[in-house]
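The residues making up each chain are set out below.
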Amino acid sequence: PPGAGSGAKMAAPISRGGPEPGAAPYGNFPNYSRFHPPEGRISLLPQGLLRSLFPTATRPLLGLDVGCNSGELSVALYQHLLGLQDSSSSPEPPGADKELKLLCCDIDPELIRRAQQSSPFPASISFASLDIMDSGAREPFLSSFLQRFGRSTFDIGFCMSVTMWIHLNHGDRGLLEFLALLASLCTFLLVEPQPWRCYRAAARRLRRLGRDDFEHFRSLRINGDMAESITRILTQECAMELVCSFGSTSWDRSLLLFRSTTARPQGSD
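Small disclaimer: the values here were computed from a predicted structure and weren't measured. Here the residue index of a chain counts from 1 through its sequence in written order. Owing to the predicted nature of the model, reporting of local features is limited to residues with pLDDT of at least 70; listing and counting of side-chain atom pairs is limited to 80 or more, with chain, interface and lining totals taken over all residues. Hydrogen atoms and water are omitted, and side-chain values are computed over all heavy atoms in the structure.

As a further point, take the environment of Cys244. Runs of H or I in DSSP of at least four residues are treated as helices and runs of E of at least two as strands, each being numbered from the N terminus. Here Cys244 lies in strand E8 (residues 240–248). Judged by its relative accessible area of 26%, Cys244 falls in the partly exposed class. For Cys244 and Phe258, which are 14 residues apart along the polypeptide, the C-alpha to C-alpha distance reads 7.2 Å. Contact definition: two residues touch when any of their heavy atoms are within 4.5 Å. Those residues in contact with Cys244, other than ones at most four positions away along the chain, are Leu255, Leu256 and Leu257. Three labels apply to residues, based on accessible area from a 1.4 Å probe with only protein chains included: buried if under 20% of the type maximum, exposed if over 50%, partly exposed otherwise in between.

If you want it as structure tokens, here you go:
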């Protein structure tokens with residue numbers, strides 16, 4: 001599968017005391033949803049959001065979730081967007097797969113295996129191992145998915161607590177490339193940036209473990225208020241506009257919805 005050759009990016013190893021969060025330098029924590037549960041984000045999003053964003057668009061709508069971990073938040077987003085109750089133990093509702101197709105990717109193949117095994121919506125949600133920053137793997141993989149629906153872009157993208165890991169591992173240039181990529185791929189984009197204090201905490205965890213610091217951490221010139229910086233980059237450099245800020249989670253992360261200012265109406269591509 002795409003990106004599966006990234007053996008060094010596997011999930012954090014299990015120690016005697018359980019998984020060590022600091023040993024997941026790509027944010028690929030094995031039990032992420034336990035300490036940042038999906039409900040913390042879902043509760044901020046209005047009911048009927050998908051219908052209000054796409055009142056007349058042809059279905060199915062296409063979604064892209066980058067850095068999906070083991071899929072709990074992806075499933076919760078899907079359920080909320082379609083107005084479904086918690087269906088984790090019940091079959092997929094008839095016709096749900098005709099409303100929204102969600103492609104979810106993560107750098108960690110083990111987390112993806114867990115997501116595939118536990119997903120209650122296999123007809124609607126696809127999980128794949130992919131290093132989104134590897135253009136050689138990314139481009140044919142995403143193109144193949146889009147071409148199945150005769151499309152060249154996604155209707156909506158999700159980037160939930162992923163920007164920091166791209167930034168720490170690929171530097172300022174990598175963050176700019178990543179945001180430009182998402183802007184080019186998605187008509188709407190929901191972003192949850194990590195605040196700068198999370199960068200410092202991630203760097204401290206590595207140091208406590210006696211591991212090398214993040215290669216780019218000390219040279220990052222994009223810093224400080226990261227929600228503001230990411231908004232500025234997307235609106236000034238990536239042809240997007242801020243539609244709405246849905247407020248902040250209890251762990252102080254903003255949910256920001258952007259819309260492409262250049263995207264053509266669905267069906268014209």
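Turning our attention to helix H4 (residues 72–81). In terms of residue burial, H4 counts as a mostly covered element, since 9 of its 10 residues are buried. For H4, the set of buried residues is Leu73, Ser74, Val75, Ala76, Leu77, Tyr78, Gln79, His80 and Leu81. Close packing links the buried residues of H4 with helix H2 (39–42), helix H3 (49–53), strand E3 (61–66), strand E4 (100–106), strand E5 (125–129) and strand E6 (154–160). Downstream of H4 by one or two residues, Gly83 has phi in the positive range, about 70 degrees.

It is worth spelling out the side chain of Ser119 at this point. Counting through the fold element by element, Ser119 comes out in the loop between helix H5 (109–118) and E5. A relative accessible area of 15% means that Ser119 is categorised as buried. Here Phe121 takes part through its backbone nitrogen, which lies 3.2 Å from a polar atom of the side chain of Ser119. Other than its neighbours up to four places away in sequence, Ser119 contacts Ile125 and Phe127. Two N or O atoms count as a polar contact when they lie within 3.5 Å, although within protein this holds only if one can serve as hydrogen donor and the other as acceptor, and sequence-adjacent residues are included solely when both atoms are side-chain atoms.

Here, a salt bridge means any side-chain nitrogen of Lys or Arg that lies within 4 Å of a carboxyl oxygen of Asp or Glu. Evaluation of the coordinates by the stated rule reveals 12 salt bridges. Where Arg138 meets Glu139, a salt bridge forms, and the shortest distance between an N and an O atom there is 3.4 Å. According to the relative accessible area criterion, Arg138 is buried, its value standing at 12%. In this structure, the salt-bridge partner of Arg232 is Glu237, at a minimum N-O distance of 3.7 Å. Sharing partners across several salt bridges, the network here consists of Arg51, Arg59 and Glu99.

Note on placement: Glu177 falls in helix H7 (residues 163–185). For Glu177, a relative accessible area of 47% puts it in the partly exposed group. C-alpha of Glu177 to C-alpha of Ile166: the two residues are 11 residues apart in sequence and 9.8 Å apart in space.

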